[in-house]
Amino acid sequence: MEKIQNKYKVLGNEKLSPKYWRMTFDAPELAAQVKPGQFVHIRTDEDGLQPFFRRPFSVYRARKYVEIFYDVVGPGTKLLSLKKKGDMLDVLGPLGVPFVMPPADAKQIVMIAGGIGIAPMLILSDILKNKKYNLVLIFGGRDRGHVYPMQEFKENGVKVHIATDDGSVGAKGRVSVLFDKIEKDPGKTFIYTCGPNPMMKAVQDFAAQHKIAGQAACEEIMACALGACLGCSIETKHGFKTVCYDGPAFDLDEVKFH
Amino acid sequence: MNISVKIGNVTFKNPVTVASGTFGHAERFYDLEEVKRLGAIVPKTVTFLPQVGNPPVRIFETPSGMINAIGIENPGIDGFIESKLPALKKIGVPLIISILGHNEEQFVSIIEKLNAQTGITAVELNLSCPNLKHKVLVAQDPVATTQLVKKIKSLTKLPIIAKLSPNVTDIAEIAQAAEAGGADAVSLVNTFTAMAIDIKTRKSRIGNFTGGLSGPAIRPIAVYMVQRVAQHVKVPVIGMGGIMTASDALEFLIAGATMVAVGTGNFINPRAPVDVLEGIEDFMKENKISDINEIIGSLKK
């Protein structure tokens, strides 16, 4: 078995928009193994204990190097944003259950992401781009600061639709204002979603209404990320499940979003 | 160099183990070659019946620590024996099985089921989980502690370790009560009952309302309690509470612990128990110490 705990060198750490950062690190074994929807668990303060927990990040891209995409929201991501090229990071990964691939007869693949929930979608489009699907991204952000060019998606042939709460970029409103871009054909459409729980609940309701299947990538505060502490449990149709070990990818209709 | 230690009639090849509830049931991600090097492992506490655990939110990060209220989510003793124990035995490291009954009958039933198994080295009685809505923990009542330990000892040949709660006025009194009941060792500390509040919602951060605090934040109190208990009982003490590194573990050994357990540290650094073991060996080499017993209880006044 490959070791899951390794030290990797930071190759780049750049701010892509007022809100979002992308970090690249040199992790060839990880890049070769990681699948869309899986994540890494990073120790942001190796010498101290502040913050205490590691921080989990979806893998944004895994080609030659591994990329994560993050938003500075607290002390862990703040420390991460201060890392420089050449710094070494203690990383656990790849972790968790990846997205399942779409059914063979699917035609339209719709990725619906809110804010930082965009993170697992690029690696997904990297995998799906050569498979003759019609790829659509519906992205919702609070305002202009939460939107970035998404050039990599466009290069992957993904049709990008954006909504912002204040209408500063794209349509005005929540992602649901863009649900008319989705072909409501259960036999041909497959959904992937990641974002705040109220958004994923809206996606779940829409999918249920039109009998469209899909997957949701969930997020929860984690301690171990190895399925040991059972701290990141969420409610599902089948009882409590850990996001780190049973997820983060779940069938869209399985999760009980609160 | 001797780093083996004795508890009851069992010799462990080294003094480093893990705290129950922090190592799962030795999940698929652990490097089992490294796990094998530990003195023992303690899987997550097993109850008589399966438990689904407490509703989320189950954990909260605090300064140098965490609050948890998992609620002993586990498959129950039958499920554990069927689905977990075989893989644990295969690792080839001594197993200390942590058990919890909600009453004496359940403890008795669990121990009878474990008696029928092979490959178990010792049993830890979890008398001190703070997250199960018990009004009083067994480990908060010296009479109940003595009675329960005595009952279990009468039913098994396996060495019995009593896991104690720090949520008491005098932990030494409870340790003595466990010793009086025939415990082969005591382990301490379990977590400190704690809470954190979301000031926006004015609600507890934890779904179970209260939880247990662990991690380096509690370490100095745990070191003190281990030191105090070691002064008051003759049986070995297994010390734990916020151990992240070998120097943390050495504090517990010097305070009088015969074994040390890495708990919450596993969540931050899965390699912590092995780092602790290697660090203790390095410390002994550097200080030309040939026997771990020269360290245990060597606190100077």
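Residues numbered from 1 in each chain as written. Chains lettered and ligands numbered in written order. Predicted model: local features only at pLDDT ≥ 70, side-chain atom pairs only at ≥ 80, totals over all residues.

A. A look at the sheet that holds strand β4 (residues 46-47) of chain B. All names here are of chain B. Pairing in this open sheet of 8 strands is parallel, and the strands run β3-β16-β15-β10-β9-β8-β7-β4 from one edge to the other. The open sheet has two edge strands, β3 (16-18) and β4, and neither has a second partner. Pairing analysis gives 3 bridges linking strand β15 (residues 237-240) to strand β16 (residues 259-262), with the strands arranged parallel. Residue pairing in the sheet places Met-240 in a bridge with Ala-261 of β16. In the packing of helix α4 (residues 142-153) onto the sheet, contacts are made with β8 (122-126) and β9 (160-163), and the angle to β9 comes to roughly 155 degrees. (Pairing = 2+ DSSP bridges. Helix = DSSP H or I, 4+ residues; strand = E, 2+ residues; numbered from the N terminus. Contact = placed C-beta atoms within 7 Å. Axes fitted to C-alpha atoms, helices over the stretch in contact; angles between N-to-C directions.)

B. Here's a closer look at the pairing of β8 of chain B. All names here are of chain B. In terms of burial, β8 is a largely internal element, 5 of the 5 residues being buried. Side chains of β8 alternate between two faces, with Ala-122, Glu-124 and Asn-126 and Val-123 and Leu-125 buried alike. With 4 bridges connecting them, strand β7 (residues 96-100) and β8 associate as parallel partners. From the neighbouring strand, Ile-99 faces β8, where its bridge partner is Leu-125. With helix α3 (residues 104-115) bridging β7 and its parallel neighbour β8, the resulting β-α-β unit is right-handed. In the sheet, β8 pairs with β9 via 4 bridges, with the strands oriented parallel. Its bridge partner lying in β9, Val-123 is registered against Ile-160. (Buried ≥ 20, exposed ≤ 12 C-beta atoms within 10 Å, placed from the backbone. Right-handed = clockwise from strand over helix to strand, strands pointing away.)

C. Broad picture of the domain arrangement of chain A. Residue and element names in this part refer to chain A. Split into domains, chain A comes out as domain 1 (5-95) and domain 2 (108-251). Spacing between the C-alpha centres of domain 1 and domain 2 amounts to 21 Å. Every contact between the two is made by 23 residues of domain 1 and, on the other side, 21 residues of domain 2. The set of elements that each furnish at least two residues to the side of domain 1 that touches domain 2 consists of β3 (39-43), β4 (55-62), β5 (66-71) and β6 (88-95). (Domains from an automatic or database assignment.)

D. Region of the structure containing the interface of chain A and chain B. Contacts between the two partners involve 25 residues from chain A, matched on the other side by 26 residues from chain B. Residue assignment for the side of chain A that touches chain B shows that the elements contributing at least two residues are β13 (233-236) and β14 (239-242) of chain A.

E. Highlighting helix α6 (residues 219-232) of chain B. All names here are of chain B. Here α6 contains 14 residues, and its C-alpha end-to-end distance of 20 Å stays within 8% of the 20 Å for a straight helix at 1.5 Å per residue. Within α6, burial applies to Arg-219, Ala-222, Val-223, Met-225, Val-226, Gln-227, Val-229 and Ala-230. For α6, the secondary structure elements touched by its buried residues are α5 (171-180), β10 (185-188), β15 and α7 (246-255). (Expected span 1.5 Å × (residues − 1).)

F. The arrangement of the sheet that holds strand β11 (residues 192-194) of chain B in detail. All names here are of chain B. Overall, antiparallel pairing links the 4 strands, which are arranged β5-β6-β14-β11 in an open sheet. The outermost strands of the open sheet, each flanked by one partner alone, are β5 (59-62) and β11. Taking each pair of neighbouring strands and ignoring which way they run, the sheet shows an average axis angle of 35 degrees. By the bridge criterion, 3 bridges tie strand β6 (residues 65-68) to strand β14 (residues 211-214) in an arrangement that is antiparallel. Its bridge partner lying in β14, Asn-68 is registered against Gly-212.

G. Just the nonpolar core, in detail. Of all hydrophobic cores here, the largest spans 178 residues; its most connected members are Leu-125, Ile-161, Val-186 and Val-226 of chain B. Composition of this core by domain shows at least three residues from each of domain 1 (5-95) and domain 2 (108-251) of chain A. (Core = buried A, V, L, I, M, F, W, Y, C linked by C-beta atoms within 7 Å.)

H. A look at the pairing of β5 of chain A. Residues and elements named next belong to chain A. Most of β5 is tucked away, with 5 of its 6 residues classed as buried. Sheet analysis places β4 next to β5, joined by 3 bridges and oriented antiparallel. By the bridge assignment, Val-59 is partnered in β5 with Ile-68.

I. Focus on the packing of α5 of chain B against α6 of chain B. Residue and element names in this part refer to chain B. Where α5 contacts α6, the two axes come as close as 9 Å, and the packing angle between them is 45 degrees. Overall, the two elements α5 and α6 adopt an arrangement that is oblique. Regarding α5 and α6, the two cross each other, and that crossing is right-handed. Two secondary-structure elements touch here, α5 through Ile-171, Ala-172, Ala-175 and Gln-176 and α6 through Met-225, Arg-228, Val-229 and His-232. Split by residue class, the contact of α5 with α6 holds 5 nonpolar, 2 polar and 1 charged. (Parallel < 35°, antiparallel > 145°, perpendicular 65-115°, else oblique. Left-handed = near helix turned anticlockwise from the far one by under 90°. Nonpolar A, V, L, I, M, F, W, Y, C, P; charged D, E, K, R; others polar.)

J. Spotlight on the environment of Asp-45 of chain A. All names here are of chain A. Locating Asp-45 in the fold gives a position in the loop between β3 and β4. Owing to 18 C-beta atoms within 10 Å, Asp-45 belongs among the partly exposed residues under this scheme. It is 9.3 Å that separates the C-alpha atoms of Asp-45 and Asp-90, two residues lying 45 residues apart in sequence. Residues within four places of Asp-45 in sequence aside, it is in contact with Gln-50, Pro-51 and Leu-79.

K. Expanded view of unusual backbone geometry. The omega torsion across Pro-56 of chain B and Val-57 of chain B is 5 degrees, close enough to zero to call that bond cis. Mapping Val-57 of chain B onto the fold places it in the loop between β4 and β5. The omega torsion of the bond from Leu-188 of chain B to Val-189 of chain B falls at 10 degrees, within 30 degrees of zero and hence cis. Relative to the assigned elements, Val-189 of chain B resides in the loop between β10 and β11. Unlike most non-glycine residues, Lys-211 of chain A shows phi in positive territory, near 55 degrees. Mapped onto the secondary structure, Lys-211 of chain A falls in the loop between α5 (197-209) and β12 (213-217).

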